[in-house]
Each structure stands twice: as structure tokens, then as C-alpha cells.
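Structural description and commentary
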Amino acid sequence: MKRLTKWIISLAVLLCVFPNNYMLLQAKGTDVTTHVANSSKKQSATIDKNKQATTDDTGFQDTETAFVFENRAKLTLSVSKSGSATSTSVGDKVHVDVTIESYTNGDMTGHENSSMIIPYPNEVQGFKITTPGTLQASGTNNMKLVPMGGNDLSTVLLFYEAIKGIPLGSTDGFATQFNNIPTSKQAIFENLKKSGDKVTASYDSEITPDAVGKDSFTIASGFYDSANGGQFTDDLSVNLPGNKITDWNLTLDNPELSMTVDPKNSSTLINAASGNWSNYSGSKTATMQYQVDNGAKQTIASSDIDQTNKKFSTKFDLSKSDQTIDKDGDHIVKFFTTIDGIVQEADLTVHVTIKKATTPPVLKLNPAEVQVDETSNGQYTLNVKGTFNDIDSSKVTIFGTYADNSNVGLTNNTFDNTNQGKDNDFSLSFTTPAGKLVPGTNRLVFWAKDPDGNISQKVDFNVTVNPVAANEPPTFTLDSTSILLDSKTSGTYDFVLAGKFTDKDSDSVKFTSTFKDNTTTTSDSFDNTTKGSPVPFKINMSVPVDKLNNGNNSMTVVATDSDGGKSSVITVKFTMQTSELKFATVASNSSFNDGILASGTGYSYHAKDWQVDVSDTVTKPGATPTWKLQATQDQAFIDSTTNKQLSTNMRYKNQAGNYISLSVGKPVDVDMVKSSDDETLYQLGWTSLDGFQLPFRSYEHTGNYQSKVTWTLVDAP
């Protein structure tokens, strides 16, 4: 029975009387169901149906429309549901819109007592309101829509001519707008005066546990036109999906699948599907079937059903369809789960592509075996040559795998089939990643594939890696590792490195020397004339003087054979025959940190730019130097801009912590410390609080003061 019929029966006995005895709608005692059955009384037919069932991820949606008021307006019923697109369960959210939209301009006189049927849920039926309904007219704010009594999934919204001071009323079974609505907007017709004006009644609802076991809801709407004795539109109805409402549903892991079917191979008609009914809270056993294109239902084996975790994984056979699977197209596989007599279903759309009946290519390799010598980095460049033959394709692509089934990285591996049905030559070159080939025989596999997906027989390509014995590095000795040189200040030092080297397996050996400044000198290579026996060598060295300064000097020597093997390192030390005491580095300008004038005496401490380095190659290692460093303040501190003079001179804090005041022209002994990097080098080694300091009085003039210090080396006890 159509739900519209139930609504109209209620409407047939309706008589609503409002203030001032104004009759909104009067239905005569005629059985209104005859209007529904009599097609001549239908105002217009439904002209547009747009059913749209989306995937399980986005829920279900359906829309139906019809023209009313002599095609001057359109009535639309739109229903959307969350959850599954193929079943309805407890907790699913349902949104309903019923809209009437004007297509023309001007009043619709004569239709004032018309009414629009709104499918409104009642909680007794297991279908409750979650968001109260609203009535939205073009250009107005939302107005509340309230169902009044009754257990049917329906209510009626009345249309009537506007009369000042009379709000929309309510009566049992009908919707209402609240009072205090501006009188100019009281009548719905007042909001349908021009093309595009519309009025929409909306609400949100939810399926409750009271609905479990019921047939799925049919949400229907219609329109009663009061003109010409009363006429009804067609019943606009939307069926929520599923044959029963449950508190669980069947969901497929993948509701869509693409398959390529080979007419010559029936096994290609078989594929897999999986899903679950995990929101089922009961413990009863589920049974399952599937059906292909309305064909006979097939029972799914119990071994494919996981009753504990409430899921399944099975295979289906497209040959069970009531259609012939011989062309590209879509096929529907329905899966049914039955628990305690209630059936839930889910649809799988299978996009079928029929494989073209083409001939696969034929691949030959020539040669099918190659040999390479083992490399130190484990990489090999290989050439693969041969022929391919394909009767009906325009080109072929060649692929390959290593012994571990990883892909061979091939480029430029697609070739035009210029001679269909005949052998075509091809050649490929590629470099293997390190470690893909090991010593011994390695089996690679190659095959050809045409654009239709046909694959040739796989062909072996054997690569034998010949192992190479490990290289033994050279050894060598020097006749002397201590060399005495005459000290020079310019030119070069000329000396000879002589010794013997031994290498068992390389053709030549070269020597590399590295000096203290990290610069290197490489000698010419020496032929390994008697492998495994000592070979004498002599290297004439000519080294710039700046490579070997006075003091401790050394260089390291290493031998490298032609196969990359390196010997141990030998250090050669040099001794200079002359000695010298001199300044190595003296800063041209030094400074004190800024001082702040205050009461009493202030102090300005030396900055980091004080540097005096002394090179001593006279004192023997371990002995105490007999020389000393002296500093003399040559003049008072004067501001060159103002010619003001400080009233004080510098003072010196020595390593013992004693302070020595300086007088202009009077030298002071300055402590030196030996460098940790060079035993012949001595430095000031001051901390931030010792060394030179500059005292000043509170009455000094601010300015930038300068003086001069003379450093003197005194070579005497």
C-alpha cells in the first residue's frame, strides 16, 4: 500500500478552523483515495527521477521530482542516508528535503487551499527526529516545523492565502510554523511570487532500535492542489536500501572490481571478494550466498566465513550469471548475509574487460650465456642481444628479473615490430646494482610483452662471474728514516729516499710522501720486476725549503700497488744542522678592552689581539732556554685627537701573579710558554686577567689613547 494513500485518508476528514472562523482547508467527504487511483485526476506526472546509490563510504542518496500547479512549480523529494548504500541499520542518519520551487512570476491565485505532504518520522516506528524540522522560504530566516501527533510517517504543510493577524496553525497529524512570524511572510504563497522562489521543509532523523526487523522505510511525498475540485500529484517515494532494517549491515572491503576475462580460459571468470558485518553485536551464526546478475544464488562455503571476527573472504564465479560474459561491461555480484532469518546484502560492481585474442611474442637470446670477471665494486655492465617475433602487435617491450626476482632496470627496452611475423634483432645494455651478481653462475630471466598484455615464454640468461684472487698489498723498507739536512732559508732541500719493496701480485708500485703541511708528492711508479722478491728503489727528492722549517720536521711515506693495495706508513724525520733564535710572529697592533670611568682606579684588560711568538731551535730538547723576552713602553698613552695624556702607564701581571708597573723607556721581563704543537715555538699564553693591564683614574678624559711597545729578545741568562 502506498503511504500517500494513508496520508490522504487522514486528509479527507480534515477540517481546520482558525481565528475568525477562517477555513484554511476543507476536504469534502469524498473518498480521496479515488483521486489517487483515477489517473484523470492527477495534476501531472513525475517528470524526473534521479536515483543515485553511492558507495558504502558516502552512504545512500535518492531524489524524485514532479511538476505541479499546471507546470508552474516543481515539487522535489530528496533523501540521503549515512552508512551502507545497500542496507539500512540502526544508527543510520537520514536527511529529508521536500521543496516546492516556482518557475513563473505572479500569484498562484486559485491554489490557496493546496497542501504539501511531508514524510515526518515518529519514534514509535523506530525513526526519530534528531534535528527539529525547519521551513526555509527564499529571503527569510528558518522557521520551525513541528509534527503534531499521529504515528504515521507523514505530516501535511498547508498553503493558504495571507490574511493579516492569522498565523499558521497546527492540528493533529500536521506540521506547523510557530507564531510571531511577520504577517507579510505568513502565507507560503507569499514566498512563491517570482521564478526561482522556493520553500523547503527539512529535517534530520535517525533509525532507532525499534525499527529492527521492519521492512525498510519508504519515504514518500505528494501534493494536493485545491484548484479544479482537488487534484493530486504522483506519489514521490524513496525506498531506503535493504529488505529489512537491522542493527548491523554487510559491508564489502571493495565495492568495485575490474577484471580481465579471457574467453579461452574459464578460470579468469573467478575472482575474490571480502567483507564484514562487524557491527553485529549478537552471537548467532551467519550464512552467506552470492548471486551474479540475477542468476541462481550460490552458497558460500562455511570455511570462507569467519564467525568469530564476523567477516568473510571467498571467491565468486562470473559464469554463474544469467547473462553471457562475452563482451566488455559491468556485472553486479550481490552478497547476502543471513542471521536469524534477517538478510542483509551488499553489491559488488565488476567492470569486465574481455581480453583480446592475440598471439604472444616469441623471444630468443643470442648468446644465452656470458662470463665476466669479478669486480671490486660488485657492479657489471651486461649486453643482452637476440631476436623477437610477433605476428600481430606493433611493438614489444622486454623485461627481466635477477635471481632474487627483483626487476632488471632496463631503459630503451621497447622496440618497434617492423617485421611482423619475422625475427627482429634487438640489443640491450644495463649495469647491475652492487651485489646482484655473485661469484659463480647467476640465472637472470627475460621475456617480451606486447601492448595487448600477451607475454612470451621466459628465457634464461646465465651470467658466470669468475672470482679473482684477493690482492695482497706491497711492503717496503727504507735504508734510513732519519735524514740530516743543512739549514737553509731559501731554495730546496735535495735528498734521496732509498730502500726495497716487495709485492706478490701487482705489476708496479708507486710511492707517495706527505709533509707536515698535508701537501703530498708522488714519485714515478717502479716496475715489479720480480714478483714476490725484494725490488730495490731509489727516489731523488727535491723539496722547497718552506716544507721543512727549523725544528721538528717529518714526512710520511706509503706504497700503493697497481691494483690499489696500500702498504703500511713509514715516517721519515729530518734534522737541521744549524740553530736560530728569532721572532716567529709579532702582532703589529694590539689593544685593550674599553674602560669605564668610575670612582677610584679602573682597569682595562688586554684584548685577544696580543700575539708574540718566538722560534727557538737553539735550545736542545728538555733544556731550559737561556734567553728572555722583554717589553718596553716607549711613550705615554696620548689621545691623538685631543692630545690628552693618561696619568698612568701599563702594568704587567706575570705567571707568579705579581704586578710590575711599567715606566716609559724601562724594559720589563715577560714570561713565555712552550707551544703544545711545536716544541721549538714559545708564546705569551696569557689568560684574560694576566699579562698587560692598563690602570686609569676617575678624573681621566674619555678618548682613544695610544702608545708603543718594543719587544726585545735577550739571549743571555
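Keep in mind it's a predicted model, so treat the numbers as computed, not measured. (Residues numbered from 1 in each chain as written. Predicted model: local features only at pLDDT ≥ 70, side-chain atom pairs only at ≥ 80, totals over all residues. Heavy atoms only, no water.)

All told, the structure shown has 28 aromatic pairs when counted by the stated rule. Each ring, one from Phe-388 and one from Phe-415, has its centre 6.3 Å from the other, and the planes form 35°; the classification is tilted. Of this pair, Phe-388 sits in strand β30 (residues 381-389) while Phe-415 sits in strand β32 (residues 414-416), and the two are 27 residues apart along the sequence. In terms of burial, Phe-388 and Phe-415 fall into one category: buried. (Phe/Tyr/Trp six-rings, centres within 6.5 Å; stacked < 30°, edge-to-face > 60°. Helix = DSSP H or I, 4+ residues; strand = E, 2+ residues; numbered from the N terminus. Buried < 20%, exposed > 50% of the residue type's maximum accessible area, 1.4 Å probe, protein only.)

Another point: the pairing of strand β20 (residues 256-261). Along a regular strand, successive side chains alternate from one face of the sheet to the other. Side chains of β20 alternate between two faces, with Leu-257, Met-259 and Val-261 buried and Glu-256, Ser-258 and Thr-260 left unburied. As paired strands, β20 and strand β27 (residues 342-354) are joined by six bridges and run parallel to one another. If you follow Ser-258 over to β27, its bridge partner there is His-351. (Pairing = 2+ DSSP bridges.)

The next subject is the side chain of Thr-63. Counting through the fold element by element, Thr-63 comes out in strand β4 (residues 60-68). Side-chain polar atoms of Thr-63 contact the side chain of Ser-78, separated by 3.4 Å. (Polar contact = N/O pair within 3.5 Å; in protein donor to acceptor, adjacent residues only side chain to side chain.)

The subject of this paragraph is the sheet that holds strand β34 (residues 440-449). Strands pair in a sheet through their backbones, by hydrogen bonds, and they do so in one of two ways: parallel or antiparallel. If you trace the five strands from one edge of the open sheet to the other, you get β29-β35-β34-β31-β32, paired in mixed fashion. One side of each edge strand has no neighbouring strand; the edge strands of this open sheet are β29 (369-373) and β32. Between one strand axis and the next, the sheet turns through 25° on average, direction left out of account. Bridge count between strand β31 (residues 395-401) and β34: five bridges; the pairing is antiparallel. When the sheet's bridge partners are listed, Thr-397 is paired in β34 with Lys-449. (Axes fitted to C-alpha atoms, helices over the stretch in contact; angles between N-to-C directions.)

Read across the open sheet, the four strands follow the order β19-β21-β25-β24; overall the sheet is antiparallel. The sheet is open, and its two borders are formed by β19 (251-252) and β24 (305-306), each paired with just one other strand. Relative to strand β25 (residues 311-317), strand β21 (residues 270-276) runs antiparallel, the two being bridged by seven bridges. Its bridge partner lying in β25, Asn-271 is registered against Phe-316.

Our focus in this paragraph is the pattern of salt bridges. A full pass over the atoms with the stated rule returns 13 salt bridges. Notably, a salt bridge pairs Glu-206 with Lys-93, separated by 3.9 Å at the nearest N-O pair. One end of the pair, Glu-206, is in strand β13 (residues 198-207); the other, Lys-93, is in strand β7 (residues 93-102), with 113 residues separating them in the sequence. The class for Lys-93 is partly exposed, based on a relative accessible area of 43%. Put simply, Asp-197 and Lys-194 hold a salt bridge, and the shortest N to O gap is 3.2 Å. Residue classification places Asp-197 among the buried positions, given a relative accessible area of 8%. With a relative accessible area of 48%, Lys-194 lands in the partly exposed category. Via salt bridges that share partners, Lys-334, Glu-345 and Asp-347 belong to a single interconnected network. (Salt bridge = Lys/Arg side-chain N within 4 Å of Asp/Glu carboxyl O.)

Summarising the element assignment, Met-555 is placed in strand β43 (residues 553-561). Here Met-555 falls in the buried class, since its relative accessible area comes to 1%. Considered as a pair, Met-555 and Thr-514 are 41 residues apart in the sequence and their alpha carbons are 5.4 Å apart. Apart from the residues within four sequence positions on either side, Met-555 is in contact with Phe-495, Leu-497, Ser-513, Thr-514, Phe-515, Met-541, Ile-570, Thr-571, Val-572 and Phe-574. (Contact = heavy atoms within 4.5 Å.)

Before going further, it helps to spend a moment on the confidence of the model for the protein. Per-residue confidence for the protein averages 81 on the pLDDT scale, and 83% of its residues sit at or above 70. Within the model, the stretch residues 149-154 combines pLDDT values under 50 with 27 contacts to residues more than four positions away or in other chains. Counted against residues more than four places away or in other chains, residues 158-186, with its pLDDT under 50, gives 90 contacts. (pLDDT = per-residue confidence, 0-100.)

Considering the arrangement of structural elements, one finds Glu-64 in strand β4. Among the polar contacts listed, one links the side chain of Glu-64 to the backbone nitrogen of Ser-237, at a separation of 3.4 Å.

Once that is clear, we can look at the environment of Ile-118. Note that Ile-118 resides in strand β8 (residues 115-118). A relative accessible area of 0% places Ile-118 in the buried class. Separated by 21 residues in sequence, Ile-118 and Asp-97 place their C-alpha atoms 8.7 Å apart.

A few words now on unusual backbone geometry. Each neighbour pair has its own omega, and for Asn-366 with Pro-367 the value is 5°, a cis peptide bond. Looking at the secondary structure, you find Pro-367 in the loop between β28 (362-365) and β29. In the Ramachandran plot, Phe-69 falls in the positive-phi region, its phi being about 55° despite a non-glycine side chain. With respect to the helices, strands and loops of the structure, Phe-69 is situated in the loop between β4 and β5 (73-81).

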